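# Remarks on the overall topology
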Number of protein chains: 2
Amino acid sequence: MDVESGEGATGLMWSRLLTTDSPLSDDAAGAVAADEWNAANEASSVVESLDYEVIESVAYRDDQAMKGWWQLGSYVTLKWLFALFIGVGTGLSAFAINVAVENFSGWKFLATFAIMRHSYLAGFVIYALFNVALVFSSVYIVTSFAPAAAGSGIPELKGYLNGIDTPGILLFRTLVGKILGSIGSVGGGLALGKEGPLVHTGACIASLIGQGGSTKYYLNSRWIRMFKNDRDRRDLVTCGCAAGVSAAFRAPVGGVLFALEEVTSWWRSQLLWRVFFTSAIVAVMVRTAMGWCTHGNCGHFGSGGFIIWDTSGGQEDYSFYELWPMALLGVIGGLLGALFNQLTYMLSSYRRNVLHKRGNRVKIIEVCLVSLITSMLSFGIPLLNKCTPCPDPVKYPDIVCPRPQQHYGNYVLFNCPKDSQYNDLATIFFNTPDDAIRNLFSTKTVHEYSARSLLTFLALFFFLATITYGTAVPAGQFVPGIMIGATYGRLVGMLVVNLYKKDGIDEGTYALLGAASFLGGSMRMTVSLCVIMVEITNNLQLLPLIMLVLLISKAVGDAFNMGFYEQQAYLRQIPLLESRPKRFLRKLSAKDALHTSKVVSFPRVSKVGSIVSVLRSVSHNGFPVIEQLQNGETAVIGLVLRSHLLVVLQTKADFQHGPTPGHENRTKNKYSVTDFVKPVSSKGLSIFDVNLTAVEMEMYLDLQPFVNPSPYIVSEDMSLTKVYNLFRQLGLRHVCVVPRPSRILGVITRKDLLPEVILSMQYLTL
Amino acid sequence: MDVESGEGATGLMWSRLLTTDSPLSDDAAGAVAADEWNAANEASSVVESLDYEVIESVAYRDDQAMKGWWQLGSYVTLKWLFALFIGVGTGLSAFAINVAVENFSGWKFLATFAIMRHSYLAGFVIYALFNVALVFSSVYIVTSFAPAAAGSGIPELKGYLNGIDTPGILLFRTLVGKILGSIGSVGGGLALGKEGPLVHTGACIASLIGQGGSTKYYLNSRWIRMFKNDRDRRDLVTCGCAAGVSAAFRAPVGGVLFALEEVTSWWRSQLLWRVFFTSAIVAVMVRTAMGWCTHGNCGHFGSGGFIIWDTSGGQEDYSFYELWPMALLGVIGGLLGALFNQLTYMLSSYRRNVLHKRGNRVKIIEVCLVSLITSMLSFGIPLLNKCTPCPDPVKYPDIVCPRPQQHYGNYVLFNCPKDSQYNDLATIFFNTPDDAIRNLFSTKTVHEYSARSLLTFLALFFFLATITYGTAVPAGQFVPGIMIGATYGRLVGMLVVNLYKKDGIDEGTYALLGAASFLGGSMRMTVSLCVIMVEITNNLQLLPLIMLVLLISKAVGDAFNMGFYEQQAYLRQIPLLESRPKRFLRKLSAKDALHTSKVVSFPRVSKVGSIVSVLRSVSHNGFPVIEQLQNGETAVIGLVLRSHLLVVLQTKADFQHGPTPGHENRTKNKYSVTDFVKPVSSKGLSIFDVNLTAVEMEMYLDLQPFVNPSPYIVSEDMSLTKVYNLFRQLGLRHVCVVPRPSRILGVITRKDLLPEVILSMQYLTL
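Fair warning: this is a prediction, and the values are worked out from it, not measured in the lab.

The end-to-end C-alpha distance of helix α17 (residues 451–468) of chain B is 25 Å, a good match for the 26 Å that 18 residues give at a rise of 1.5 Å each. Turning to α17(B), its buried residues number three or more, namely Ser453(B), Leu454(B), Phe457(B), Leu458(B), Leu460(B), Phe461(B), Phe462(B), Leu464(B), Ala465(B), Thr466(B), Ile467(B) and Thr468(B).

Here the focus is the packing of aromatic side chains. Residues and elements named next belong to chain A. Under the defined criterion, the tally for this structure stands at 40 aromatic pairs over all chains. Relative to Phe-430, the ring of Tyr-127 lies with its centre 4.9 Å away and its plane at 50°, an arrangement referred to as tilted. Placement of Tyr-127 in helix α5 (residues 120–145) and of Phe-430 in the loop between α15 (424–429) and α16 (433–441) is noted, with a sequence separation of 303 residues between them. Each residue in the set Phe-109, Phe-113, Phe-124, Tyr-127, Phe-379 and Phe-430 is aromatic and connected to the rest through ring pairs, giving one cluster. Lying across the ring of Phe-145, Arg-173 places its NZ or CZ 5.0 Å from the centre. Looking at Arg-234, its charged tip hangs above the ring of Tyr-160, at a distance of 5.0 Å from the centre.

Residue and element names in this part refer to chain B. Even without a glycine there, the phi angle at Arg-524 is positive, about 60°. Position of Arg-524 among the secondary structure elements: in the loop between α19 (507–523) and α20 (527–537). You will see that Gln-573, though not glycine, has its phi angle at about 60°, which is positive. We classify Gln-573 as exposed; its relative accessible area is 51%.

All names here are of chain B. For strand β6 (residues 634–641), a buried count of seven out of eight residues is recorded, marking the element as mostly surrounded by other parts of the structure. Two elements, strand β5 (residues 622–628) and β6, share seven bridges in a ladder whose sense is antiparallel. Residue pairing for β6: Phe-623 is matched across the bridge by Val-640. Between β5 and the antiparallel strand that follows it, β6, lie five residues; Gly-632 among them carries a positive phi value of about 90°.

Here the focus is the pattern of salt bridges. One pass over the full model with this rule turns up 26 salt bridges over all chains. Of the charged contacts, one joins Asp717(A) and Arg740(A) as a salt bridge, the two residues approaching to 2.2 Å between their closest N and O atoms. With Asp717(A) in the loop between β9 (713–715) and α26 (720–730) and Arg740(A) in the loop between β10 (734–738) and β11 (746–749), this pair connects stretches of sequence that are 23 residues apart. Looking at Arg740(A), the relative accessible area reads 3%, which means it is buried. Where Arg604(B) meets Asp702(B), a salt bridge forms, and the shortest distance between an N and an O atom there is 3.0 Å. Here the residue Arg604(B) occupies a position in the loop between β3 (602–603) and β4 (605–607), and Asp702(B) occupies one in strand β8 (residues 700–702), the gap between them amounting to 98 residues. The burial state of Arg604(B) is the same as that of Asp702(B); both residues are buried. Within the structure, one salt-bridge network assembled from shared partners comprises Arg524(A), Lys554(A) and Asp558(A).

With that out of the way, let us pick up the sheet that holds strand β8 (residues 700–702) of chain A. Residues and elements named next belong to chain A. With antiparallel pairing, the three strands of this open sheet are ordered in space as β4-β8-β7. Pairing within the sheet leaves two strands with one partner each, and these edge strands are β4 (605–607) and β7 (655–656). Sheet analysis places β4 next to β8, joined by three bridges and oriented antiparallel. The residue bridging Ser-606 from the neighbouring strand is Leu-701, located in β8. Relative to the sheet, helix α23 (residues 608–617) contacts β4, β7 and β8, its axis offset from that of β4 by approximately 75°.

We now examine the environment of Pro391(A). All names here are of chain A. Assignment of secondary structure puts Pro-391 in the loop between β1 (388–389) and β2 (421–422). Looking at Pro-391, the relative accessible area reads 22%, which means it is partly exposed. Here Pro-391 is in contact with Tyr-396, Ile-399, Cys-401, Tyr-411 and Tyr-422, once residues within four sequence places are set aside.

Glancing now at the packing of α26(A) against helix α26 (residues 720–730) of chain B. For the pair α26(A) and α26(B), the least separation of the axes is 10 Å and the interaxial angle reads 105°. Taken together, the axes of α26(A) and α26(B) lie roughly perpendicular to each other. Every residue of α26(B) that contacts α26(A) at Asn725(A), Leu726(A), Gln729(A) and Leu730(A) is listed here: Asn725(B), Leu726(B), Gln729(B) and Leu730(B). Its residues assigned to classes, the contact of α26(A) with α26(B) comprises four nonpolar, four polar and no charged.

Together, Leu121(A), Val125(A) and Leu129(A) line one region of the surface with nonpolar side chains, adding up to about 300 Å² of accessible area. For Leu121(A), the position within the fold is in helix α5.

Right, let's get into helix α11 (residues 252–263) of chain B. All names here are of chain B. Compared with an ideal rise of 1.5 Å per residue, which puts twelve residues at 16 Å, α11 spans 16 Å between its outermost C-alpha atoms and is within 8% of the ideal. Most of α11 sits out of view: twelve of its twelve residues are buried. Considered for burial, the residues of α11 that qualify are Pro-252, Val-253, Gly-254, Gly-255, Val-256, Leu-257, Phe-258, Ala-259, Leu-260, Glu-261, Glu-262 and Val-263.

In this section: the sheet that holds β11(A). Sheet strands associate in pairs through backbone hydrogen bonding, adopting either a parallel or an antiparallel arrangement. With respect to topology, three strands assemble into an open sheet ordered β11(A)-β10(B)-β9(B), the strand pairing being mixed. Edge positions in the open sheet fall to β11 of chain A together with β9 (713–715) of chain B, since each of these has one partner strand only. Taken over all neighbouring pairs, the strand axes of this sheet differ in orientation by 35° on average, direction set aside.

Let's shift gears to the side chain of Asp717(B). Of the residues examined, Asp717(B) reaches a relative accessible area of 6% and is grouped as buried. Looking at Asp717(B), its side chain comes within polar contact range of the side chain of Arg740(B), at 2.2 Å.

Residue and element names in this part refer to chain B. Quantified by volume, the largest cavity comes out at close to 250 Å³. As for the largest cavity, its lining consists of 30 residues, of which Gly-189, Leu-190, Asn-431, Thr-432 and Pro-433 are closest to the centre. For the lining of the largest cavity, the elements supplying multiple residues, two or more each, are α4 (68–116), α5 (120–145), α7 (172–187), α14 (360–384), α15 (424–429), α16 (433–441), α17 and α18 (478–500). Shared between two domains, the lining of the largest cavity holds at least three residues of each, these being domain 1 (75–294) and domain 2 (327–571).

Turning our eyes to something else, we now look at the nonpolar core. Membership of the largest hydrophobic core comes to 271 residues, with the highest contact counts inside it found for Ile546(A) and Ile546(B). Among the elements that take part in this core, helix α12 (residues 269–293) of chain B stands out by supplying 13 residues, more than any other. Aside from chain neighbours lying at most four places away, what touches Ile546(B) is Leu513(B), Ala516(B), Cys530(B), Met533(B) and Val534(B). Ala590(A), Ile758(A), Met718(B) and Tyr724(B) belong to the second largest nonpolar core, which has 48 residues in total.

Attention now goes to the packing of helix α23 (residues 608–617) of chain B against helix α24 (residues 642–651) of chain B. Residue and element names in this part refer to chain B. The interhelical angle for the contact between α23 and α24, taken along N-to-C directions, is 135°, at an axis separation of 12 Å. Between α23 and α24, the angle is such that the two are oblique. Pair α23 / α24 crosses with left-handed handedness. Contact residues: α23 offers Val-608, Ile-611, Val-612 and Leu-615, while α24 offers Arg-642, Leu-645, Leu-646 and Leu-649. When its residues are assigned to classes, the contact of α23 with α24 shows seven nonpolar, no polar and one charged.

Each value, and the rule that gives it
- Residues numbered from 1 in each chain as written.
- Chains lettered and ligands numbered in written order.
- Predicted model: local features only at pLDDT ≥ 70, side-chain atom pairs only at ≥ 80, totals over all residues.
- Heavy atoms only, no water.
- Helix = DSSP H or I, 4+ residues; strand = E, 2+ residues; numbered from the N terminus.
- Expected span 1.5 Å × (residues − 1).
- Buried < 20%, exposed > 50% of the residue type's maximum accessible area, 1.4 Å probe, protein only.
- Phe/Tyr/Trp six-rings, centres within 6.5 Å; stacked < 30°, edge-to-face > 60°.
- Lys NZ or Arg CZ within 6 Å of the ring centre and 35° of its normal.
- Pairing = 2+ DSSP bridges.
- Salt bridge = Lys/Arg side-chain N within 4 Å of Asp/Glu carboxyl O.
- Contact = heavy atoms within 4.5 Å.
- Axes fitted to C-alpha atoms, helices over the stretch in contact; angles between N-to-C directions.
- Parallel < 35°, antiparallel > 145°, perpendicular 65-115°, else oblique.
- Nonpolar A, V, L, I, M, F, W, Y, C, P; charged D, E, K, R; others polar.
- Patch = residues over 30% accessible without salt bridge, like charges linked within 9 Å, V, L, I, M, F, W, Y side chains within 5 Å.
- Areas by Shrake-Rupley, 256 points an atom, 1.4 Å probe, with all protein chains shown as cover.
- Polar contact = N/O pair within 3.5 Å; in protein donor to acceptor, adjacent residues only side chain to side chain.
- 1 Å grid on protein atoms, 1.4 Å probe; cavity = no way out; pocket = protein on both sides within 12 Å on 5 of 7 lines; lining within 4 Å.
- Points joined across faces, edges and corners; volume = space filled by probe spheres on them.
- Domains from an automatic or database assignment.
- Core = buried A, V, L, I, M, F, W, Y, C linked by side-chain atoms within 4.5 Å.
- Left-handed = near helix turned anticlockwise from the far one by under 90°.

Here you go:
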């Protein structure tokens, strides 16, 4: 069993030699954890990612001339430059989307109001046509050009960052489809938001920057080639997600926390810092761009657009008895959120399995119908609503009622018989979502809305949001969630004002808490959502209340079903590992998770034909490689990945005639750095793409240079809960199960890992 | 090698049987990762913590009557109730400390000012006496009663939460010493803060609540016994740390992030949620208590006290050219922070190794001397300062100059010849730190300070802060750091105002950024510090700027030395694992970290005498247990901990006469739940405490019931970087190194861990 001196160690030495001085070594030390974490999943068109150690060694061979500190320095510099670019790119995209949406909406409402003076019907036709046209453009782009741009994109990104790759989500066309599609769908007045799509946009930008542009206009610079590996790419995408949130909500800290809490399943402090930087850049970018717009350069884009709803004028104080209605908000949020998740899940499931299988035409017709219904409701229902007299201008001198046209604000005059009246339903329904939320959050406007109007709006908008999500347009759930929550929040606020009859209770504050509660009940995020809510309302004083409401709504919602993104991921067959393993796992051991079929392993030098037939017959993505030692015993020399085998088989450079192990340096220069890199978001190579002649099938292949020499191992009787945590915390995709060991060479403790202890033991001078 | 059917499996089955229906099972599933994470460290008086699986099984045996959902429910309820109590307790302590400090300071300044009208010398004597008396009370309490209460406590907590236990840090006496000590040291005007000690206070409260009060007044309820294990205790302490930050800065989100980023080394989303809740409770508590004080119930405690420095009146906009001076602030912060770390490290090292070894009297004299120097400087230097004429009341109608006595604010009249003058050095020097910072941050007070005054203050206060830290009183570094940073920040701000001569540049904003830069350069925290800065200044608009400054100052500081807490932990020989493993680890494999001496393992049934002699001769904390199988081969049945062996040896209940393995159920009811629990913060049992007769030494012990049957294993040739990450991410304390496996039973992928996949494979109905 003396493996160290046997041939089995060659692989290790070779790999160690290569990894040590490799140009990518800066983060490699800190991030080896991430090098193996792409889950191998056959069910959901998963492409196996690249083993980091192999790419590292290949990179070394390819770029041997460049090494040392200079190399390392440029790698680090580039890493930060990329973060900068991601920030700038995402900030600009967010800005572009906002300007476009605001302008389209502005023109729409301007035209509608102008024509309505002559005829309501003509006004409606113009309004509906405008909406349908925008929505049609969106769905057309998405269905015919960028199918992966439909939906929110966050479930897919969550999958990607946990190792499960959905084809197409990070392509250039997806980026374009997402940006243009959200402009159409949001501008077209559908009950959805642009925030989820912006997160996806950020991720696409990050991925494209990492590969030097679209695959067609490949910048094959050696600098960018360094980032052609899964770990760096994923780090960039994490930055992109944070940048997206940061841009969508102008919430840089919220973005960082979102990336950590929601999309990744582990915590790496080095990455944290870079994510943080990207977020800050986005915030600066957006701010600069908006500053440029204040001089009227951006048409209708003005105080609206970016969702910042300043509630600093609201409630400054709260009493203990107010905690009860706030807790009630939490409960309502949990219930309605869970209901929303369930309904959208069922509807999405129906769409995926039945409706959308009938082709693109059905998808287009569906969205256009939804758009028509939305237009009818948002135009028609306010028409049926009775106008309210404006509040007494003597008592409330600050309130402008009705508001002058083309000004943002409350108290809109819509189909009212008198000039001193306003239509409260039109204020929220016949408006852009951002402005509607601003009006719902508005403070010091006591009794602006009637309970009947709010209830009507709540029911109808809940219905619209439910049927809209899952259609083939880019769609975010934040803004609809905030709308729904703010509506019942304001209702509860009215109740509290009437009940307690005390000064200082503001309906707008309750609307804000309601919004938090619905998002908490639906998305089940905690810290990040809380910070985002604080950042978008720019009001830190409400933080403890938001926390309270979120705690309750999440707990209530969790009693019913999974979070929104988890359900959608489940629907898309993305195997996300929950943060908390199921209880029954504790009854099982690692052995129990193995398939009943015997493990398929390769001998170190295998016949090409037998490799091909194994790859054809089983769908595994990782294969142990076993070596026969001199003394007749066997030793596992590592794990080889299907994707790497396919590359080696296709290249054919390493085929040899005899079954003797090859020489160590023989693979040098046979592969270029990008050979082993999995393409971004595609199915990758299949064994059926590899064509081999009968002669080649009879040749041999020494697998040793291609193995990961030290995969994580667990003993067969380790509890599955422990295995589960190993997967999640280290981000693994494969763990090898070994028999219960017959002996232990030693026990490592924390102290043994301290630099001074190791150095003193090794007598190393480094 | 068919271990499953051999006797080796018994241990596993037994343990599995026990753990499955255990009353503590709620979090057990999610947190098995944490069950092994106390580092075994002999160098720093480390007490080995309890293996979670054993405590679980013991708890089961002890409380067999109570199980099922009701049991689980009460455990969860209690967990949240404890979080509530921690929040309330920490909030109240923070409030008490603040009220006491503000009142002591108020009386001190009142008396000094009153006497100064007659004689400056008498005023100084009163001032210095007041200070020395308070400081003496603090150091006396600490040295004679609670030595662990000295210093900030954060390095020790970091160690504790990473598995290294410093004796005494979580005792009741430490709590009392910390609270009373900080009142004395902060009230006595030393150059230190109460924020670090508050974090420690929160942690002590959490630990005490978890064990049902002080060890003397032990509440031996079965409810609280559930929490008598390392994992739950550590979770509570994490909540306590977050509560401390939340109370110290009124920064609930900052508290959560601090607990995650700074004190723990891993990320667990279940705990996150509870930490969040605790933080929110603290915020509500502090707010309520402060509200109660507004009616004059709290003496001098008013708008001062809790450090909230509202800078919302400050700069709202910034231009690109301002980014340069801000970057300069970052560089200065990095340099000064690194210098501060280095000086305090050297001074602390001298104190630890030389000065403080001479006994308590030296410690007391030292602190009193420091207090005298502080009094002399803070009283004398402003006296030497020339007064400045008040700003033109016509041009600045908002400025009250000089301020009325006993009002907080700027422009203090101190030793000025005319009544329309103020003494700018006295404003910051002869004041409580909180008020001084408020004055440094104050906005719209252009040119309040002269550059000379600021430079004088900077140099002197830097000197005072350096000599003060490390003395035997509770001492936090936040407030001194903010003072230093704000001073040079304001200096740079003055420079910018003079250079750019543009409206809207506010010196107070630069002071705030300076404070962030110094803290970043010294403590090297990132996200949490940023959020804390935003929360204490209640100004979200500066967030991107704070981020920028922190990025630069941390990078500059990192170029020189470790962070403040890491250095202090290093000094205390607490082996913290850095987040990024050293590069040279990649050249080494697991084998290289093993001690050259052979591993010491026990046979399953060992002679008591041989166990004792092994425990006496080696200092290891974990021992593999090997079983001889029927077929002559050996199998490792698990790892047994020194601390458990000691308990078993002391109890003697399991000694048997022959070397045959015992029956499975034989250990039932022999141990109570608390037997295996390590006492909070003490050295624990030593092998020399165990007295055995010669007859007992000849008896046998079956170790199988006491082993952890599935420790984490790594192959001998796994890279040490990977091992390092395993330790950090899973929070382990032991990893067993096994020979390269000879075969692999199978490969587990993520998909295999999905509940539906496992269930379909197992045909289980759960």
